[in-house]
Amino acid sequence: MKIIQLLLISFLFTACNVSPQPINYGSDACHFCNMTIVDRQHASQVVTAKGKAYKYDAIECMVHSLQDEFKETEMAHYLVADFNQPGQLIDATKASYLVSEKLQSPMGANLSAFKNIEEGKKAQEKFTGTVFSWKEIQEHLKL
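Summarised in this report is the structure supplied together with it.

Calculation criteria
Residues numbered from 1 in each chain as written. Predicted model: local features only at pLDDT ≥ 70, side-chain atom pairs only at ≥ 80, totals over all residues. Heavy atoms only, no water. Core = buried A, V, L, I, M, F, W, Y, C linked by side-chain atoms within 4.5 Å. Buried < 20%, exposed > 50% of the residue type's maximum accessible area, 1.4 Å probe, protein only. Helix = DSSP H or I, 4+ residues; strand = E, 2+ residues; numbered from the N terminus. Pairing = 2+ DSSP bridges.

1. Considerations on the nonpolar core
Within the largest apolar cluster, 27 residues are counted, with the highest numbers of intra-cluster contacts made by Tyr56, Met62, Val80, Tyr97, Trp134 and Ile137. Breaking this core down by element, the ones donating at least two residues are β2 (53-56), α2 (59-67), β3 (75-81), β5 (96-99), β6 (111-114) and α4 (134-140). Ranked by residue count, the leading element in this core is α2, at five residues. Phe83, Leu98, Phe114 and Phe127 belong to the second-largest nonpolar core, a separate cluster that totals seven residues.

2. What to know about the pairing of β6
Residues Leu111 and Ala113 point to one face of β6 and Ser112 and Phe114 to the other, with burial holding for every one of them. Both β5 and β6 contribute to a ladder of four bridges, which runs antiparallel. Along β6, the bridge assignment pairs serine 96 with phenylalanine 114.

Don't take any of this as a statement about function, it's just geometry.
Structure, rendered in structure tokens:
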């Protein structure tokens with residue numbers, strides 16, 4: 001009987017896991033545009049407060065999805081790929097964003113994320129363009 005109780009308790013803890021999910025590059029599809037996610041420098045993900053993860057091939061797809069389908073949904077995590085560390089997801093709310101024609105993103109917004117404002121400004125010096133905060137990039141991409 002104790003074994004069954006322990007199994008039920010462990011199941012409950014794993015069922016309530018509110019954490020990011022690994023992106024399976026080359027096989028996972030973007031929740032917004034349905035393209036296969038292949039670009040490790042531009043992928044992104046949101047996780048709802050209930051633990052459902054949604055993956056995107058580009059930051060602009062995630063932002064548009066948040067403005068449309070998920071505008072009333074409570075999110076636990078907003079994540080974007082760090083351009084300088086492909087495949088490494090970072091907190092989107094703390095990242096800086098560079099829009100530069102010299103850095104093409106999968107959906108054409110020329111949008112890349114960097115772990116902080118300093119890294120964003122370094123990239124701006126190299127690639128030109130405009131640096132945005134999380135709040136500013138959402139306004140810039142307003143539907």
